[in-house]
Every structure is written in structure tokens, then in C-alpha cells.
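Chain by chain, the residues:
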Amino acid sequence: MVQNSFCNYKHFCFASSKLYELLVGTLPVCHHVSIAEMESHAEDIDFEEERKLRHDVMAHVHTFAHCCPTAAPIIHLGAMSCYVGDNTDLIALRDGFNILLSKLARVIDRLANFAEEYADLPTLGFTHFQPAQLTTVGKRACLWLQELVMDVRNLERARDDLCFRGVKGTTGTQASFLQLFQGDHDKVEELDKMVTEMAGFKKAYLVTGQTYSHEVDIHCLARLASLGASVHKICTDIRLLANLKEIEEPFEKEQIGSSAMPYKRNPMRAERCCGLARHLIALVGDPLQTDSVQWPESTLDDSANRRISLPESFLTADIILSTLQNITEGLVVYPKVIERHIRHELPFMATENIIMAIVKAGGNRQECHEKIRVLSQEAAAVVKQEGGDNDLLARIQRDPYFAPILGQLDALLDPKTFIGRAPQQVKTFLAEEVRPLLEPYKANMDVKVELVL
């Protein structure tokens, strides 16, 4: 990262010198040759200089000047450390978002394929992690997708909101550049615009202090923290479903789940995502604190913190997304286990349908409700106190009261009649929100992830 910062710095140096030449036209003739000289030494680096000077930017200035003696008199002319550091940080933030967005798009693509495949496979829904009305495996995956779709929009917005610090000088007033251009305000503005465009930004912040506002860092890391929250929720769901043996993350043939219990298949990928996601969420506290304690135009206690918190947030998000892609590319579903769990709970859930059928057959709603209440409590006692199976259906079949609807019981207990419009919702959501969102990232969809964990 230091090397990238150094290279970006040197490119700024000769880019600015070239612009001085274009705009001022007053540099000595010898400096006309210095542009090519700087370009030819753009990759020469000596990190030992920083150890000696204890100032990163001036170490780079000295090294670059040593490599480019002709250019030495104009290197860093009118500039200051934040011209290098802050502008480079903004480039790194922008490029970091682009890397993460491609990875996030791949995760969404894999999860969308999974949702489509299992769009109509009934499964128990859980509220309070207690059995609830049925949903489908694909519909649940769409709940995960919905959060990730929001994260794509959040990251795109954070990236697109970034501006360049540009050419602003020591305290943001551009005084040094105004002096260089002999009081010509138009040339200062033109220089700011040209440097901004050369860095690939559409606009620069119109006002800054010595640094760009660290509110920008808050916005960026808050979006990454939000992504961390989404991933934590998804992977927590996968861990809970793995406990039920309904869904599992990939598990290699020779993989070991536990050093003590050889039968175990611990969801270590999902666990790792959750652990890293908590770290990612916590990192947003750094820019919040840093921004809150900045003094009038700046104070240098921001630097050491930002050099850790900014790259660490992006690196953490990067490995989380790589791991999540690996998970979503190999999710395993066990339909027979899911079916068994449904059979265990469905008789209770079907009671309202049975009441409706009895009423349609001429029965009394209140009378039927009481009958089913008593039978349900008896069946629940068998399940909870005796550890037996749910025998509510057998009790209903034995009770003469329900004779008029016995022929309808199979249809009334068909799991697909309990999933509502879940399959249709999956189809519509994927077609209208997910697939269009992925269009800008199609060129990067074929990248696979092999984890060495």
C-alpha cells in the first residue's frame, strides 16, 4: 500500500509539473526536459529514506529528486502532504469500491441462481426461531438477496458521491497556487479541474481544510458496515439451518470439522464471515471518532488511525465477500430433512384450513375450533412429554366429527398450498430487481473463488 501511495504521489508530481508548464508557460527551459525525466523514474522507490526522515511525503520528495535532478527544483512546488495523501486516499476509496462491487455482484448472482432453483420448495418459516407459516427455500434466499441488493446501491452511491480533494494548498485556500500563477484565479481553477480530471474524477470538493472532510470516511465505512450487517444476518441464518440439517455450506471430502468430534460438520465459513463482519461493523467507529475530534483546519492525529481503519475496512469486506461467494457457489439443500420437519409441524398449521372445510361442509366454526383445540393439546403432549411424533392428523381421522372432510385431508395438508405467492414473488423479484442490477457487472461474473483457509 505504501508503494501504491508512493507511485500515485510521483504521478501527481509530474502531472502537476506538466500542468504548470501548460498553464504558466514561465518555467525555465531546463524544466521542459524534467517531465520526461520524472516519467522515466516513476517506479523508483527507496523506503529507507522514510526511516531516516520520519516523514513519508518528504522521503518520497527526496528520493524522487535524487532520481530526477533536473526536475528536483519543481517537485512538490506549491503542494503539501495532503495533496498527496488525501488525493491518493480518495483514489483508493473509489477503486476499492469498484473491486468490492464486482465481488458483491458475483455473490448476488450465485444466490439468485440458488433462489431460482428452489423457488417453489416448501420449508418451515421461523419467527422467533419457532416454526411459523411455510415459505420456500428460494423465498428465504430472496430475503438475503434483498439486503445485498441494497448494499450494492449503497456502495455505488458512496463511490459516486466521492469527489477529489484536488489542488487546494496548505489550509485549503489555494494561496500557494495563486502565488505561482501570479494572482490569476482562472488558472488556479483550471489547474484544479485538470488535476481532478486526470485522476478520473468528475469534480473536486469546492472547499476543504488541510484535509478533505472526514465525514467522507464516515459515509464510506458506514456503507461497508451495513454490508457487514447483511452478511452477518445471512451467515447466521445458514448456521441455524445447518444445525437443523436443512442447508449446509460446502464441505470438502477430506475436510475435518472438529479435532475432538470426527462426525461434526461445523459451518466454519459462515462462522468466519460472522466474525469478520462484526469487525467490519466495529471499524466505522474509527472515522466517527476521528471526524469528531478534528481541530479547525486539521490535526495530525487522524493519519495513523486512517492508515489502519480505511484499508482494513476494505480488506475485511473483500475477504468476507470472497468467502460468501464460495459459500453461495456450494450451498447444499436436504429436501428430505426439510420435508420431515414440515410433516412434524404441518398438522398444527393446517387447523385453520380444516376449520374452514368443516364450515363449508355445514359444521359450526366454534364447535370445530374447540374440537381441534382439545385434539391439538393432546398431540402436543405426545410430542413434548413423550418425545413422540405429531399424531394430530391421526386423532382427527379417528374422530367421527370430521368424517365429512376426511377425503379432503390430503389436499388440505399439501405443503404447496401453504406457501402463498412465494414462488411468484421470487420470480418477480429476480426479474425486476436483481438481474437488472447485475447488468453493469456481467463482464466479471465468471470469476470463481478457491479458498485456502
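Here the residue numbers are simple positions, counted from 1 along each chain's written sequence. Owing to the predicted nature of the model, reporting of local features is limited to residues with pLDDT of at least 70; listing and counting of side-chain atom pairs is limited to 80 or more, with chain, interface and lining totals taken over all residues. Hydrogens and water molecules were not included; the side-chain quantities draw on all heavy atoms of the structure.

Per an unreviewed UniProt entry, the protein chain goes by the name Adenylosuccinate lyase and belongs to Astatotilapia calliptera. UniProt positions are given in the numbering used here, feature names are shortened, and annotations may be inferred rather than shown by experiment. Turning to the protein chain, the UniProt record has this under Sequence similarities (unreviewed entry): "Belongs to the lyase 1 family. Adenylosuccinate lyase subfamily." The UniProt entry for the protein chain carries this comment under Subunit (unreviewed entry): "Homotetramer. Residues from neighboring subunits contribute catalytic and substrate-binding residues to each active site."

1. Considerations on the environment of Val-447
Helix numbering and strand numbering both begin at the N terminus, where a helix is a DSSP run of H or I of at least 4 residues and a strand a DSSP run of E of at least 2. Topologically, Val-447 is positioned in the segment after α18 (422-438). We classify Val-447 as partly exposed; its relative accessible area is 39%. In the structure, Val-447 is positioned 344 residues away from Lys-103 in sequence and 8.9 Å away in space, judged by C-alpha atoms. Among all residues touching Val-447, those that are not within four sequence positions of it are Arg-106, Arg-110, Gln-325 and Glu-329. With a 1.4 Å probe rolled over the protein chains alone, any residue whose accessible area is under 20% of its type maximum counts as buried; one over 50% counts as exposed, and the rest are partly exposed. Should any heavy atoms of two residues lie within 4.5 Å, those residues are counted as being in contact.

2. Focus: the packing of aromatic side chains
For Phe, Tyr and Trp, rings pair up if their centres lie within 6.5 Å, where Trp contributes its six-membered ring, and each pair is then called stacked (planes under 30 degrees apart), edge-to-face (over 60) or tilted (otherwise). One pass over the full model with this rule turns up six aromatic pairs. Relative to Tyr-118, the ring of Phe-114 lies with its centre 5.0 Å away and its plane at 50 degrees, an arrangement referred to as tilted. Just as Phe-114 is buried, Tyr-118 falls in that class too. An angle of 35 degrees between the planes, with centres 5.1 Å apart, marks the rings of Phe-126 and Phe-129 as tilted. Phe-126 gets classed as partly exposed once you look at its relative accessible area, which sits at 24%. Residue classification places Phe-129 among the partly exposed residues on the basis of a relative accessible area of 37%.

3. Some details on the packing of helix α6 (residues 137-161) against helix α9 (residues 215-243)
The axes used here are C-alpha line fits, helices contributing only the stretch in contact, and every angle between their N-to-C directions lies in the interval 0 to 180 degrees. As a packed pair, α6 and α9 sit with axes 9 Å apart at the nearest point and diverge in direction by 165 degrees. One finds that α6 runs roughly antiparallel with respect to α9. Along this stretch, α6 crosses α9, giving a crossing that reads as left-handed. Touching Arg-140, Trp-144, Glu-147, Leu-148, Asp-151, Asn-154, Leu-155 and Ala-158 of α6 are Arg-223, Leu-224, Ser-226, Leu-227, Ser-230, Lys-233, Ile-234, Asp-237, Ile-238 and Leu-241, all from α9. Only Asp, Glu, Lys and Arg are considered charged, only Ala, Val, Leu, Ile, Met, Phe, Trp, Tyr, Cys and Pro nonpolar, and every remaining residue, Gly among them, polar. Considering only residue class, the contact of α6 with α9 consists of nine nonpolar, three polar and six charged. Each angle gets one of four labels, with under 35 degrees taken as roughly parallel, over 145 as roughly antiparallel, 65 to 115 as roughly perpendicular, and the rest as oblique. By convention, the crossing between two helices is left-handed when the near helix turns anticlockwise from the far helix through less than a right angle, and right-handed when the turn is clockwise.

4. Structural notes on the pairing of strand β2 (residues 130-136)
Consecutive residues of a regular strand have side chains that alternate between opposite faces of the sheet. Strands pair, by our definition, only if DSSP identifies at least two bridges between them. In this sheet, β2 lies alongside strand β1 (residues 122-127) in antiparallel orientation, the contact comprising five bridges. Each bridged residue has a counterpart across the sheet, and for Pro-122 the counterpart in β2 is Thr-136. Hairpin remark: β1 followed by β2, antiparallel, with two residues in the connecting loop; positive phi at His-128, about 60 degrees.

5. A word on the pattern of salt bridges
Any Lys or Arg side-chain nitrogen located within 4 Å of an Asp or Glu carboxyl oxygen qualifies as a salt bridge. A full pass over the atoms with the stated rule returns 19 salt bridges. Residue Arg-110 is joined to Asp-109 by a salt bridge in which the shortest nitrogen-to-oxygen separation is 3.1 Å. Each member of the pair, Arg-110 as well as Asp-109, carries the same accessibility label: buried. The salt bridge partner of Glu-249 is Arg-269, with a shortest N-O separation of 3.9 Å. One end of the pair, Glu-249, is in the loop between β3 (247-248) and α10 (268-283); the other, Arg-269, is in helix α10, with 20 residues separating them in the sequence. Taken together, the shared-partner salt bridges in this structure form one network comprising Asp-109, Arg-110, Glu-116, Glu-329 and Arg-435.

6. Some words on the side chain of Arg-395
Along the polypeptide, Arg-395 turns up in helix α16 (residues 392-398). Looking at Arg-395, the relative accessible area reads 18%, which means it is buried. Sequence-distant contacts of Arg-395, that is, excluding residues within four places in its chain, are made with Leu-375, Glu-378, Ala-379 and Val-382.

7. Points about unusual backbone geometry
The phi angle at Phe-129 is positive, at roughly 55 degrees, despite the residue not being glycine. Relative to the elements of secondary structure, Phe-129 occurs in the loop between β1 and β2. Look at Lys-245: it is not a glycine, yet its phi comes out positive at around 65 degrees. Here Lys-245 lies in the loop between α9 and β3. On the basis of relative accessible area, Lys-245 is assigned to the exposed category, the value being 52%.

8. Thoughts on the packing of helix α14 (residues 351-360) against helix α15 (residues 365-385)
Packing of α14 against α15 brings their axes to within 9 Å, and their N-to-C directions diverge by 145 degrees. Crossing of α14 over α15 shows right-handed handedness. Counted together, Thr-351, Glu-352, Ile-354, Ile-355, Ile-358 and Val-359 of α14 and Arg-365, Cys-368, His-369, Ile-372 and Ser-376 of α15 form the full contact between these two elements. A breakdown of the residues in the contact of α14 with α15 according to their chemical character gives six nonpolar, three polar and two charged.

9. Things to note about the nonpolar core
The nonpolar core is taken to be a set of buried Ala, Val, Leu, Ile, Met, Phe, Trp, Tyr and Cys residues, with the residues joined through side-chain atoms within 4.5 Å. Residues Ile-108, Phe-114, Leu-145, Leu-162 and Leu-430 are the most contacted members of the largest nonpolar core, which totals 100 residues. Those residues in contact with Phe-114 that lie beyond four places of it in its chain are Val-137, Ala-141, Ile-247, Leu-331 and Val-333. Core analysis: the next-biggest nonpolar cluster, separate from the first, contains 15 residues, Ile-355, Leu-375, Leu-392 and Ile-396 among them.

10. Here we look at the environment of Glu-50
Structurally, Glu-50 can be placed in helix α3 (residues 48-53). Glu-50 sits 13 residues away from Thr-63 along the chain, and the two C-alpha atoms are 9.3 Å apart.

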